[in-house]
Amino acid sequence: MTVPRLRALIGEKNQALEAFPRQNRNCLDYFERYTKKFDELRGKYANQGRIEAQIKELLESLRGKKAMSIEDNFKTMAKHFSETFARVVPGGSASLRLVKMQVDDSQKSFPTQFPTQKVTLGDNEYAGIRVRVSFNQQISGREEEEQIIVADGGEQEEGSNDLGLAQLSGGQKAVVAACLIFAIQKIDAAPFYIMDEFDAALDPQYCQGIAEEMRRLSRPHSDADGKQYVGSQFLLSTHKIAIAEAADKVFEVKFRGQKSQLKASTAAAVRSILEKA
């Protein structure tokens, strides 16, 4: 094609373009620019999809590790709970376990005063925690074992004489609660604990065991597996002589003239005060 012919063809095309109103001679530049931007965004979208898949994979891995960690810590806490209860209640025994949601023909739901709840750990769903404690008692010169199931999620086996939470006395409930607190402390101990008359409902025969356990937990010690514990400080108010006698420091709190007065005291002085009360 000759140059004159080419110029004539361009002129014809330009005249044809003049027939279109509001013509945009930069549309080709816009097309190339936005095509490039579209490709960039499409690449970013694909990259975000890969990142999302990796995050989901990480979350699934963390959920599995969390479930394993919770179950391992629960087993450790259950072990500490059994050991602590045996020290506080001589001759007694206790167990703690997670109860799965599914119930087969050999089990039946134990009545509970709490609403139905569930906790999901990994692939398992749990209805709650089952605590079983045994208080050995001397009756007519012979030992008789009292088996009691406590806590939501427990099940009662057919033909069992196990009793429910309501059958525990206030003192027994206090013992179970205190042992559970001490067992949790062994998992992740705090530097100090503040307790306001938590021992008020304790029966006299268990006060000494609770006092010795708190004294033990306040000292550096090791468990049967050789794990070392630095000990925690217990700050508590009490009206129990056994608890006061086990304390390193004792203070009297008196209310006079619309003010509380605090002064250092001794276990002997506290015993005298409580015996007169």
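The rules behind these values
Residue indices begin from 1 for each chain and proceed along its sequence in written order. For a predicted model such as this one, the threshold for reporting local features is a pLDDT of at least 70, and the threshold for listing and counting side-chain atom pairs is 80 or more; totals across whole chains, interfaces and linings nevertheless cover every residue. No hydrogens and no water enter the side-chain calculation; it runs on all heavy atoms of the structure. Numbering of helices and strands runs from the N terminus; a helix is a DSSP stretch of H or I covering at least four residues, while a strand is a stretch of E covering at least two. Under the scheme applied here, a residue whose accessible area is under 20% of the maximum for its type counts as buried, over 50% as exposed, and between as partly exposed, the area being computed with a 1.4 Å probe on protein chains only. Note on areas: Shrake-Rupley with a 1.4 Å probe; residue coverage comes only from the protein chains shown. Stacked, edge-to-face and tilted are the three classes for Phe, Tyr and Trp ring pairs, Trp counted by its six-membered ring, which pair at centre distances within 6.5 Å; planes under 30 degrees apart are stacked, over 60 edge-to-face, the rest tilted. Note on geometry: a ring has a charge over it if NZ (lysine) or CZ (arginine) is within 6 Å of the ring centre and within 35 degrees of the ring normal. Put simply, the grid is 1 Å and covers the protein atoms alone, a cavity is a trapped set of points that fit a 1.4 Å probe, a pocket is an open set with protein on both sides within 12 Å along at least five of seven lines, and lining residues have an atom within 4 Å of a point. Grid points are joined across faces, edges and corners, and a volume is the space filled by probe spheres set on the points. Charged residues are taken to be Asp, Glu, Lys and Arg, nonpolar residues to be Ala, Val, Leu, Ile, Met, Phe, Trp, Tyr, Cys and Pro, and polar residues to be all remaining types, Gly included. Any two strands are treated as partners once DSSP identifies two or more bridges connecting them. To form a nonpolar core, buried Ala, Val, Leu, Ile, Met, Phe, Trp, Tyr and Cys residues must be joined to one another through side-chain atoms within 4.5 Å. Pairs of residues are marked as contacts when any of their non-hydrogen atoms sit within 4.5 Å. Salt bridges are identified by distance alone: a Lys or Arg side-chain nitrogen within 4 Å of an Asp or Glu carboxyl oxygen.

Undergrad: Lay out the overall build of the protein with the relevant residues and their values.
TA: When helices and strands are counted, the protein shows six helices and ten strands. In the protein, which comprises 277 residues, the share counted as buried stands at 25%. Taken as a whole, the protein presents about 19,300 Å² of accessible surface, with 54% of it coming from carbon and sulfur.

Undergrad: How would you explain the packing of aromatic side chains if you had to name every residue and give the values?
TA: Evaluated as defined, the whole model comprises five aromatic pairs. Ring geometry for Phe-182 against Phe-234: centres 6.3 Å apart, planes inclined by 85°, an arrangement best described as edge-to-face. On the criterion of sequence distance, the pair formed by Phe-182 in helix H3 (residues 170-187) and Phe-234 in strand S8 (residues 233-237) is long-range, its members being 52 residues apart. For Phe-182, a relative accessible area of 1% puts it in the buried group. Taking 5.4 Å as the distance between ring centres and 20° as the angle between the ring planes, the aromatic pair formed by Tyr-193 and Phe-234 counts as stacked. Here Tyr-193, found in strand S5 (residues 192-196), pairs with Phe-234, found in strand S8; they are 41 residues apart in sequence, far enough to count as distant. Each of the two residues, Tyr-193 as well as Phe-234, counts as buried. Clustering of aromatic rings is evident, with ring pairs tying together Phe-81, Phe-85, Phe-135 and Tyr-206. The positively charged end of Lys-186 is found above the aromatic ring belonging to Tyr-229, 4.5 Å away from the centroid.

Undergrad: How would you explain the layout of surface pockets if you had to name every residue and give the values?
TA: Reported here for the largest pocket is a volume of approximately 900 Å³. Contributing to the lining of the largest pocket are 28 residues, with Leu-236, Thr-238, Lys-249, Val-250 and Phe-251 lying nearest its centre. Taken together, the residues of the lining of the largest pocket sort by class into 16 nonpolar, five polar and seven charged.

Undergrad: Can you lay out the pairing of strand S9 (residues 250-256) for me, pointing to particular residues and giving the numbers?
TA: In the sheet, S9 pairs with strand S10 (residues 259-265) via seven bridges, with the strands oriented antiparallel. Opposite Phe-251, over in S10, you have Ala-264 as the bridge partner. Linkage of S9 to S10, two consecutive antiparallel strands, is achieved through a turn of two residues, within which Gly-257 is found at a positive phi near 55°.

Undergrad: Got a sec to walk through the nonpolar core? Specific residues and values, please.
TA: Residues Phe-81, Phe-85, Val-133, Val-175, Phe-182 and Ile-210 are the most contacted members of the largest nonpolar core, which totals 33 residues. Elements with a minimum of two residues in this core: helix H2 (27-88), strand S1 (93-100), strand S3 (124-139), H3, S5, helix H4 (204-217) and helix H5 (241-245). The element that contributes the greatest number of residues to this core is H3, accounting for seven residues. If we ignore the near neighbours within four places in the chain, the residues touching Phe-81 are Ala-94, Ser-95, Leu-96, Val-131, Val-133, Val-176, Cys-179, Leu-180 and Ala-183.

Undergrad: Requested: an account of the pattern of salt bridges, with residues and values cited.
TA: Here the structure, examined in full by the defined rule, presents ten salt bridges. Residue Glu-52 pairs with Lys-56 through a salt bridge whose shortest N-O separation is 3.4 Å. With a gap of four residues between them, Glu-52 and Lys-56 both fall in helix H2, about one helical turn apart. Note that Asp-248 and Arg-219 form a salt bridge whose closest N and O atoms lie 2.7 Å from each other. One end of the pair, Asp-248, is in the loop between H5 and S9; the other, Arg-219, is in the loop between H4 and strand S6 (221-222), and 29 residues separate them in sequence. Overall, the relative accessible area of 51% leaves Asp-248 in the exposed class.

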